[in-house]
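# Residue-level structure breakdown
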Amino acid sequence: MAIAKRAVRVRNVLIGGDEPCICAPVVGADAKQVLEETRQITEKKPHLIEWRADFFEAIRDEQEVAATSRKMRAIAGDIPILFTVRSEQEGGQPISLTEEEKIRLFETVCESGAIDLLDYELAHGPRIPIVRELTRRYGVRLVLSYHNFDHTPSKEELVAKMRQAEQCGADIAKAAVMPKTRGDVLTLLQATEEARKEVDIPLITMSMGALGAITRLAGGLFGSAVTFAVGRQSSAPGQIPIEDVRTALSVIMTYGQ
């Protein structure tokens with residue numbers, strides 16, 4: 001895998017380096033579940049942990065979210081934490097937060113010093129500068145994401161989305177799409193390869209569901225810097241257990257380059 005022109009170092013992890021990073025999601029409904037999942041996942045030593053806070057029942061309580069994130073940090077040690085809140089329309093859970101309330105939550109959690117990266121949807125264009133400013137203020141890396149749970153757009157559109165993320169100030173660009181055919185899976189991989197040459201920031205790409213599972217294993221060969229794997233519970237369709245991903249990556253990245 002070619003190193004991104006501008007790889008991102010978060011704590012001791014290089015995103016966009018020689019090999020893809022493994023990220024495991026935490027999807028607990030309350031603090032007890034979140035912290036237990038974090039303990040179990042930390043023992044498996046992923047490169048990154050993603051807290052999918054849209055699964056958290058107390059998401060409206062900013063201080064509870066911040067306090068839980070600080071406890072996660074104490075458990076995770078030097079493993080970087082990615083903080084993500086997805087609405088139902090974005091492939092996440094039903095949440096009652098308005099976009100303005102979500103941004104206030106982001107600021108509280110960034111200010112806590114517990115998280116290292118923040119995921120925000122590219123679709124919220126006018127609000128991206130606000131989120132970009134607050135993440136820079138607190139030294140948090142910004143991942144701008146494009147999700148399509150309905151189909152796989154053309155290669156040109158996918159490359160354009162990743163280029164747009166870079167132009168909006170992202171530290172990392174992410175694209176996740178749903179395939180309906182094997183050809184769609186190839187489209188995602190071709191878009192990743194092309195975007196890797198055109199975009200100066202690390203990329204995270206995946207084709208979701210069982211049909212796209214190969215992209216979670218071989219995506220690094222085409223330029224995807226992170227793959228999401230199941231530590232305890234899946235947060236998206238097609239995720240593979242972390243042990244299997246680690247084994248497959250060791251073979252693919254050794255012999256596939």
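Residues numbered from 1 in each chain as written. Predicted model: local features only at pLDDT ≥ 70, side-chain atom pairs only at ≥ 80, totals over all residues. Heavy atoms only, no water.

## Observations concerning the UniProt feature "binding site: 3-dehydroquinate" (unreviewed entry) in the chain
Here is the rule: UniProt positions are given in the numbering used here, feature names are shortened, and annotations may be inferred rather than shown by experiment. For the purposes of this entry, the term helix denotes a DSSP run of H or I that reaches at least four residues, the term strand denotes a run of E that reaches at least two, and both are numbered from the N terminus. Burial classes follow relative accessibility: with a 1.4 Å probe on protein chains only, a residue under 20% of its type's maximum area counts as buried, one over 50% as exposed, and anything between as partly exposed.
Here, UniProt's "binding site: 3-dehydroquinate" (unreviewed entry) annotation points to Glu-50, Trp-51, Arg-52, Arg-86, Arg-216, Ser-235 and Gln-239. Along the polypeptide, Arg-52 turns up in strand β4 (residues 48-52). Overall, the relative accessible area of 4% leaves Arg-52 in the buried class. Relative to the helices and strands, Arg-86 is located in the loop between β5 (81-84) and α3 (99-111). Classification of Arg-86 as buried rests on a relative accessible area of 3%.

## Thoughts on a negative patch on the surface
Here is the rule we go by: Patch membership requires more than 30% relative accessible area and the absence of a salt bridge. Residues of like charge join within 9 Å; the nonpolar side chains Val, Leu, Ile, Met, Phe, Trp and Tyr join within 5 Å. Residue exposure ignores everything except the shown protein chains as possible cover, and the areas themselves are Shrake-Rupley values with a 1.4 Å probe. By definition, a salt bridge exists where a carboxyl oxygen of Asp or Glu is found within 4 Å of a side-chain nitrogen of Lys or Arg. In this tally, Asp and Glu contribute negative charge and Lys and Arg positive charge; neither His nor the terminal groups of the chain are included. Charge coordinates come from a single atom per side chain, which is NZ of Lys, CZ of Arg, CG of Asp or CD of Glu.
A contiguous patch of negative charge, built from Asp-30, Glu-57, Asp-61 and Glu-64, is present on the exposed surface. Mapped onto the elements, Glu-57 comes out in the loop between β4 and α2 (62-76). For Glu-57, a relative accessible area of 67% puts it in the exposed group.

## Considerations on the pattern of salt bridges
This model, assessed by the stated rule, comprises 19 salt bridges. A salt bridge links Arg-163 to Glu-198, with the shortest nitrogen-to-oxygen separation between them at 2.4 Å. With a gap of 35 residues between them, Arg-163 in helix α5 (residues 155-167) and Glu-198 in helix α6 (residues 182-198) connect regions that are remote in the sequence. A relative accessible area of 30% places Arg-163 in the partly exposed class. For Glu-198, a relative accessible area of 36% corresponds to the partly exposed category. A salt bridge links Lys-197 to Glu-193; its shortest N-O distance comes to 3.7 Å. Here the residue Lys-197 and the residue Glu-193 both occupy positions in helix α6, the gap between them amounting to four residues, near one helical turn.

## A closer look at the side chain of Thr-135
Stated precisely, the cut-off is as follows: In the analysis that follows, any N or O atom pair within 3.5 Å is treated as a polar contact, provided that within protein one partner can donate a hydrogen and the other can accept it, and provided that, for residues neighboring in sequence, both atoms belong to side chains. The contact criterion used throughout is that any non-hydrogen atoms of two residues lie within 4.5 Å.
As for its placement among the helices and strands, Thr-135 is situated in helix α4 (residues 128-137). In this structure the side chain of Thr-135 is engaged in a polar contact, spanning 2.9 Å, whose partner is the backbone oxygen of Arg-132. Leave out the neighbours within four places in its chain, and Thr-135 touches Cys-110, Leu-118, Val-140 and Leu-142.

## Regarding the UniProt feature "active site" (unreviewed entry) in the chain
For clarity, the cut-off: Within this scheme a cavity is a closed region of a 1 Å grid, computed over the protein atoms alone, that accommodates a 1.4 Å probe without allowing it to escape, whereas a pocket is open but has protein on both sides within 12 Å along at least five of seven lines; lining residues each have an atom within 4 Å of a point.
Under the UniProt annotation, "active site" (unreviewed entry) lies at His-147 and Lys-174. In three dimensions, the annotated residues from a span of 28 residues occupy one location, with a maximal C-alpha spread of 8.2 Å. Here, the largest pocket is lined by His-147 out of the annotated residues. Here His-147 lies in strand β7 (residues 141-148). The residues touching His-147, leaving out its near neighbours within four places in the chain, are Arg-86, Glu-90, Glu-121, Lys-174 and Ala-176. Reaching out from His-147, the side chain makes a polar contact with the side chain of Glu-121 at a distance of 2.8 Å. By the secondary structure assignment, Lys-174 is in strand β8 (residues 172-177). In this view, Lys-174 contacts Arg-86, Asp-119, Val-143, Leu-144, Ser-145, Tyr-146, His-147, Ile-204, Met-206 and Phe-228; residues no more than four positions away in its chain are not counted.

## Things to note about the sheet that holds β4
The cut-off we apply is this: In this description, strands pair whenever DSSP reports at least two bridges between them. Helix axes use the C-alpha atoms of the stretch in contact, all axes being lines fitted to C-alpha atoms, and the angles between their N-to-C directions lie in the range 0 to 180 degrees.
Across the sheet, nine strands lie side by side as β9-β8-β7-β6-β5-β4-β3-β10-β11; this open sheet has parallel pairing. Whereas interior strands pair on both sides, the edge strands pair on one side only; in this sheet they are β9 (203-207) and β11 (240-241). Sheet strands in contact with helix α1 (residues 31-43) are β3 (21-26) and β4, and its direction is about 155° off that of β3.

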